Structure formats: C-alpha cells, structure tokens
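Structure at a glance
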Amino acid sequence: MKKFCITIASLPDRENLVAEICYEGVQWVEISQEANESIIQFYSHPRQDYWEFVLDEALESLAQAKKRLLDLEKRRTWFKLVMIKAKGFDIIISSDTQYEELCAEIYFNREFVAIITQEQGIENSIIEIYPPLSIEKWTFNYLEFIEALKDANASLVKMEKES
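Here's what I pulled together on the structure shown here. (Residues numbered from 1 in each chain as written. Predicted model: local features only at pLDDT ≥ 70, side-chain atom pairs only at ≥ 80, totals over all residues. Heavy atoms only, no water.)

Now for the overall build of the protein. Scanning the protein from terminus to terminus reveals 2 helices and 9 strands. Taken from the N to the C terminus, the helices and strands of the protein come in the order β-β-β-β-α-β-β-β-β-β-α. Looking at the protein as a whole, 41% of its 163 residues qualify as buried. Taking as baseline every contact in the protein between residues at least 6 positions apart, the subset at least 24 positions apart corresponds to 45%. (Helix = DSSP H or I, 4+ residues; strand = E, 2+ residues; numbered from the N terminus. Buried < 20%, exposed > 50% of the residue type's maximum accessible area, 1.4 Å probe, protein only. Contact = heavy atoms within 4.5 Å.)

As structure tokens, this is what we get:
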C-alpha cells in the first residue's frame, strides 16, 4: 500500500469532498459522494498505456479512500475549502492519509508541485517538492512561487487555529 496515497480534498468544481488516490505520485482515481451514491472516476496514466499494480493493494486503497471520504463528509463542518489562485498557482488545503495534520497542496498549471505539512508543529512547517511529470523541470517566477508558499502556510496556520 506504500505506493498508494489517498487525499481527501474540497475542490472548487465539486459540491462535496472527494477522495483522490495517487499511485507513485500520479492520480489514478477520484471518488466522490453524489446523491447517496459513491462515484468513481479513473484517470489515464500520463506516461504509460495502462495502470498495473497488485489487485489486493488497489482494492484496499479504494476501500480506505471511501471510508475516509464518508467519515469526513459526516464531519464536514470543520473541513473548509481554501483555494487560492495566483498566477498559475492553486493551493488546496486537504487531509492526506500520510499526515495527521492538514496539508497545503500546491499546484502550478494544474500539476502537483509541492505539499506543506505541519507534522512538526504549527511553527515548523515542512515542504516536500516533487518533480514535474509532464516537463523536464519547474520554471516559474521566484516571487510568485514564494508568495504561493506564504499563502499556503498562512492558510494552514489559520485553519489550524480555527479548528
């Protein structure tokens, strides 16, 4: 299950929370709860013709994602959408299975760039930067990137204090 990552997020184009499942950092599935029914969307692999992994691990990740999604939907009052758009950057505050605290996911032109966590405390944020999938390297304006990081961290701190 180590290669699967489940993130519960509130997206601007969805009324309800969604569960995103990534395999080795690439989104494989999105699960949503619509009209008392769980809906699943499968994504194409960006670099290969098909997905391949151990069936039992995939089924376990689907079951875990559905359970977490339904659990968080019940407690949705604390889960607020925080989405910041700034010059190609999107920041989404989410709950991720790999972390106990809320996280800030940073995207650039809809591609995942980094995640900020507060696992070591509100004053000790950690950033994990990921390589791009569709291009050789990240290239963006330094000040705009720093501003996106500051906005992401400030949103995390604010939500942590409110919860």
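Additional details are given in the paragraphs that follow.
Attention now goes to the environment of Thr 139. The topology assignment puts Thr 139 in the loop between strand 9 (126–129) and helix 2 (142–162). Separated by 31 residues in sequence, Thr 139 and Phe 108 place their C-alpha atoms 9.8 Å apart.

Taken across its 6 residues, strand 2 (residues 18–23) has 6 buried, putting it largely inside the fold. Where burial is concerned, the two faces of strand 2 agree: the one with Val 18, Glu 20 and Cys 22 and the one with Ala 19, Ile 21 and Tyr 23 are both buried. Across 6 bridges, strand 1 (residues 4–9) lies against strand 2 in antiparallel orientation. From the neighbouring strand, Ala 9 faces strand 2, where its bridge partner is Val 18. Where strand 2 meets strand 3 (residues 26–34), 6 bridges bridge the pair, whose relative direction is antiparallel. (Pairing = 2+ DSSP bridges.)

Another point: the pattern of salt bridges. Here the structure, examined in full by the defined rule, presents 1 salt bridge. The partner of Lys 3 in a salt bridge is Glu 24, and the shortest N-O contact between them spans 3.4 Å. Here the residue Lys 3 occupies a position in the segment before strand 1, and Glu 24 occupies one in the loop between strand 2 and strand 3, the gap between them amounting to 21 residues. (Salt bridge = Lys/Arg side-chain N within 4 Å of Asp/Glu carboxyl O.)

Bringing the environment of Glu 160 into the picture now. Mapped onto the elements of the fold, Glu 160 is located in helix 2. A residue is classified by how much of its surface remains accessible, and Glu 160, at 26% relative accessible area, is partly exposed. C-alpha separation for the pair Glu 160 and Glu 101, spaced 59 residues apart in sequence, amounts to 8.6 Å. The contacts of Glu 160, once residues within four sequence positions are left out, are Glu 101, Gln 118 and Ile 122.

Here the structure, examined in full by the defined rule, presents 17 aromatic pairs. The interplanar angle of 45° and the centroid separation of 6.3 Å between the aromatic rings of Trp 51 and Phe 53 together place this pair among those described as tilted. With relative accessibility at 18%, the residue Trp 51 sits in the buried group. When the ring of Phe 108 is compared with that of Trp 138, the centres are 6.5 Å apart and the planes differ by 85°; the resulting orientation is edge-to-face. (Phe/Tyr/Trp six-rings, centres within 6.5 Å; stacked < 30°, edge-to-face > 60°.)

Okay, the side chain of Glu 105 next. Within the secondary structure, Glu 105 is located in strand 7 (residues 103–108). Despite its burial, Glu 105 pairs with no opposite charge, the nearest such side chain being Arg 68 at 9.4 Å. Looking at Glu 105, its side chain comes within polar contact range of the side chain of Tyr 107, at 2.6 Å. In this structure, Glu 105 is in contact with Thr 7, Glu 20, Asp 90, Ile 91, Ile 92, Ser 94, Phe 112, Ala 114 and Ile 115, ignoring residues within four places of it in sequence. (Lys, Arg positive; Asp, Glu negative; His and termini not counted. Polar contact = N/O pair within 3.5 Å; in protein donor to acceptor, adjacent residues only side chain to side chain.)

On to the state of the cysteines. Enumeration according to the criterion identifies 0 disulfides in this entry. With no disulfide of its own, Cys 22 has Cys 5 as its nearest cysteine by sulfur position, at a separation of 5.8 Å. (Disulfide = S-S within 2.5 Å.)

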